[in-house]
Amino acid sequence: MSTAIYFDLDGTLLTFEEPYETIVEDVLAGHVPDPAAASERFLATFGEHFDALEADPYRAGMATVCEHAEVDAQADELVEALREAECERTQVSEDARASLDALGEANALGVLTDGVADFQRAKLDHHGLLDHFETVIASYDIGAHKPDAAMFDRAREAIEAERYVMVGDSDADIEGARAAGFTPVRVERGEDVPDFWTTLRALA
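Residues numbered from 1 in each chain as written. Predicted model: local features only at pLDDT ≥ 70, side-chain atom pairs only at ≥ 80, totals over all residues. Heavy atoms only, no water.

(A) Structural context of the nonpolar core. Of all hydrophobic cores here, the largest spans 22 residues; its most connected members are Leu 28, Phe 42, Tyr 58, Met 62 and Leu 82. Contributions of two or more residues to this core are made by helix H1 (20–28), helix H2 (35–51), helix H3 (57–68) and helix H4 (75–88). (Core = buried A, V, L, I, M, F, W, Y, C linked by side-chain atoms within 4.5 Å. Buried < 20%, exposed > 50% of the residue type's maximum accessible area, 1.4 Å probe, protein only. Helix = DSSP H or I, 4+ residues; strand = E, 2+ residues; numbered from the N terminus.)

Shown next as structure tokens:
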């Protein structure tokens, strides 16, 4: 039976080394008088635009920062700095890499991620992961976030298979997958649970 295995990106394949608000604050440090307040303002505007799938949520957030503070950089420059920071301050475990190698031998792999495509692809490229996947589907390309069925319909269209698996860390991943007829696999980490990636490799 042919199987397609889709992975969420942030929180699943990649993990941030520190809280996201800290990363944003560090990007803004040196450009604004109060980086913490500017980070909070960015995140509020970004979140509103992102949830509503409005265009360029990163730029909208940085534009708001520039409007409310003395800034020595342009919004587009700050967006690019944040893209680079997301790449540099995320990490991929060796177990995750080994799992992709093992699972990719007999299965088609894809990424199904809530996000802006160029940011998500940049992170995959930075970590050398793009070649593992037949397709990378970002919610901004579809016009819907998980758990919307449109995301999972597009996943079926992108890879033809008899069985579909969704690996993710959020309720949206799991609930959307289950409703779409995918086999959901939730990422679990912690001292009291079996090693997640070792367990996942058993699917191979």
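(B) Summary view of the pairing of strand S4 (residues 108–113). Most of S4 sits out of view: 6 of its 6 residues are buried. Sheet topology places strand S1 (residues 3–7) next to S4; 4 bridges connect them, and they run parallel. When the bridges of S4 are listed, Ile 5 appears paired with Leu 109. The sheet contact formed by S4 and strand S5 (residues 135–138) spans 4 bridges and is parallel. Directly across from Thr 113, in S5, lies its bridge partner Ala 138. In the classification by handedness, the crossover that spans S4, the intervening helix H6 (residues 117–126) and the parallel S5 is right-handed. (Pairing = 2+ DSSP bridges. Right-handed = clockwise from strand over helix to strand, strands pointing away.)

(C) Broad picture of the sheet that holds S4. Spatial strand order, S5-S4-S1-S6-S7: 5 strands in an open sheet with parallel pairing. Each edge of the open sheet carries a strand with a single partner, namely S5 and strand S7 (183–186). Direction aside, neighbouring strands of the sheet carry axes that sit 20 degrees apart on average. (Axes fitted to C-alpha atoms, helices over the stretch in contact; angles between N-to-C directions.)

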